[in-house]
Amino acid sequence: MLNFPSYAVNCLNTIKEKGYEAYFVGGCVRDAVIGRQYDDVDITTNATPDQIMSIFEHTVPTGIAHGTVTVIIDGNNIEVTTYRAEKGYSDSRHPDLVNFVSDLREDLSRRDFTINALAFDPERETVDLFGGMNDLEAKIIKAVGDPLVRFKEDALRILRAFRFSSVLGMNIEDKTKDAAFKLAGTVKKVSGERILSELKKLVGGNISKDFCDFIGTGALEPFGISSLNYDPPVFAAFGKLDTDITEKTAIFLSLTKHDFRLIKSTLKPSSALIDYLEFFDKFSTDEINLSTRRDIKIALKSYSKRFISAYLNRLSLYDTMLSEKIFEVIYDIEQADEPYLLEHLCINGNDLSKLGIKGRDIGRLLNQALELVIDEPTLNKNDTLLKKFFD
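The structure contained in this document is the topic of the report that follows. Since the structure is predicted, the reported quantities are computational estimates derived from the model, not experimental observations.

## Points about the environment of leucine 312
Then step 1. Relative to the helices and strands, leucine 312 is located in helix α15 (residues 293-315).
Then step 2. Sequence separation between leucine 312 and leucine 322 is ten residues; the distance between their C-alpha atoms is 8.7 Å.
Then step 3. Leave out the neighbours within four places in its chain, and leucine 312 touches Leu290, Ser323, Ile326, Phe327 and Ile330.

## Describing unusual backbone geometry
Then step 1. In this structure, lysine 139 takes a positive phi of about 60° despite not being glycine.
Then step 2. Among the structural elements, lysine 139 can be located in the loop between α5 (132-138) and β10 (140-141).
Then step 3. For lysine 268, which is not glycine, the phi torsion reads 55° and is therefore positive.
Then step 4. As for its position among the elements, lysine 268 is in the loop between α13 (260-266) and α14 (271-282).
Then step 5. Classification of lysine 268 by relative accessible area gives partly exposed; the value is 48%.

## Overview of α15
Then step 1. End to end, α15 covers just 18 Å across 23 residues, shorter than the expected 33 Å (1.5 Å per residue, more than 12% under).
Then step 2. Along α15, the sharpest change in direction is near 110° and occurs at serine 304.

## Examining the environment of glutamate 338
Then step 1. Looking at the element boundaries, glutamate 338 is found in the loop between α16 (320-335) and α17 (349-354).
Then step 2. Residues contacting glutamate 338, with those up to four places away along its chain left out, are Arg293, Lys297, Ile333, His344 and Pro377.

## Observations concerning the nonpolar core
Then step 1. Ranked by internal contacts, the top residues of the largest apolar core, which has 97 residues, are Phe24, Phe211, Phe238 and Phe252.
Then step 2. Considering each element in turn, this core owes the most residues, nine residues, to α15.
Then step 3. Ignoring any residue separated from it by four or fewer positions in sequence, one finds phenylalanine 24 in contact with Phe4, Ala8, Val9, Leu12, Val29, Val41, Asp42, Ile43, Leu118, Ala119, Phe120 and Pro122.
Then step 4. One finds Leu345, Ile347, Ile357 and Leu365 within the second-largest nonpolar core, a separate group that totals 13 residues.

## Side note on the pairing of strand β1 (residues 22-25)
Then step 1. A two-sided burial pattern is seen for β1, the buried positions comprising Ala22 and Phe24 on one face and Tyr23 and Val25 on the other.
Then step 2. Relative to strand β2 (residues 42-45), β1 runs antiparallel, the two being bridged by three bridges. By the bridge assignment, tyrosine 23 is partnered in β2 with threonine 44.
Then step 3. Pairing of β1 with strand β8 (residues 118-120), which is carried by two bridges, proceeds in the antiparallel orientation.

## Notes on the packing of helix α8 (residues 174-182) against helix α10 (residues 209-216)
Then step 1. Relative to each other, α8 and α10 sit at 25°, their axes nearing to 10 Å. Relative to α10, the element α8 is oriented roughly parallel. Seen from α8, the contacting residues are Lys177, Ala180 and Phe181; seen from α10, they are Asp210, Asp213 and Phe214.
Then step 2. Residue classes in the contact of α8 with α10 are distributed as three nonpolar, no polar and three charged.

Parameters at a glance
Residues numbered from 1 in each chain as written. Predicted model: local features only at pLDDT ≥ 70, side-chain atom pairs only at ≥ 80, totals over all residues. Heavy atoms only, no water. Helix = DSSP H or I, 4+ residues; strand = E, 2+ residues; numbered from the N terminus. Contact = heavy atoms within 4.5 Å. Buried < 20%, exposed > 50% of the residue type's maximum accessible area, 1.4 Å probe, protein only. Expected span 1.5 Å × (residues − 1). Bend = angle between axes of the 7 residues up to and from the residue. Core = buried A, V, L, I, M, F, W, Y, C linked by side-chain atoms within 4.5 Å. Pairing = 2+ DSSP bridges. Axes fitted to C-alpha atoms, helices over the stretch in contact; angles between N-to-C directions. Parallel < 35°, antiparallel > 145°, perpendicular 65-115°, else oblique. Nonpolar A, V, L, I, M, F, W, Y, C, P; charged D, E, K, R; others polar.

If you want it as structure tokens, here you go:
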């Protein structure tokens, strides 16, 4: 028996009590089967959006044209979507026509991969019409039906195949993979924002040779990403990298041959991601001097701890021992309260103003004091510094 949150079960049962069919569907079923944590719960039903909104007190018509209503129960969102069939994908991304249908099979047959075409009702067996359970056990990503058809319908599914392979540790079935490479050029029709969204999810797993080869087809060139050499030790280390997704995405993009200006204009990255990318574009893994304790403090002062940490995380892909050693020195510096920023000084602008110092001289002298205490932390005392400069 698969376990789902009580609020989601209540939602499902309420729909059924009104005489409609209802099943948990898609990624939440897949993840429940393999014991993986999931955030979103989706329900599919033969009830129409209007019927769903009449059943529940709190709803939002989030995608009503495509049959989706968000039901809110105890502050939790559940996406409830009417069984549907889709026709025509002239933009290789969105259906030209959506029809509500009454048959669960027809709804499941339009989904991307067999592992995402599973439906579950706690009072029944798992509905598995396309072999998704076997593919989960065999760790295979396989399209529902003809993969060429599935990918022509929606080019984003190509990247989703590589993303699921990465985060779930599964292999892409040969026929599905061949179709992905054959239709690689259609990915350019996907919006940059959706491309970046998939990449951010993908880098949370392990980068495969297949994905590096896919990038090598030029599929992502319109978005500024040209190629990525597959280096097994580097990507093994990348898979173990424990940092936030924005930093990890920046590290991944820095490993590619890329055009930063094109990435910025097409993928529409956040300001935080842009900051990381600009930093990595300036400095390769050996261009910041971190040889001594003093050098490390100067680097922390010049580039901030956030960027130096990201720099060391990227360095760890090539030299784990050196990266860990420098991280240990940084930890020791902070534990010892050794100053490396102006805010760490025991004197400030007000202290200098009281001595009659004005304007730019204040900043100049504070920076001189900082250089002094970076070399000799024990001098970072109010009286000591004031006597040193102004006695």
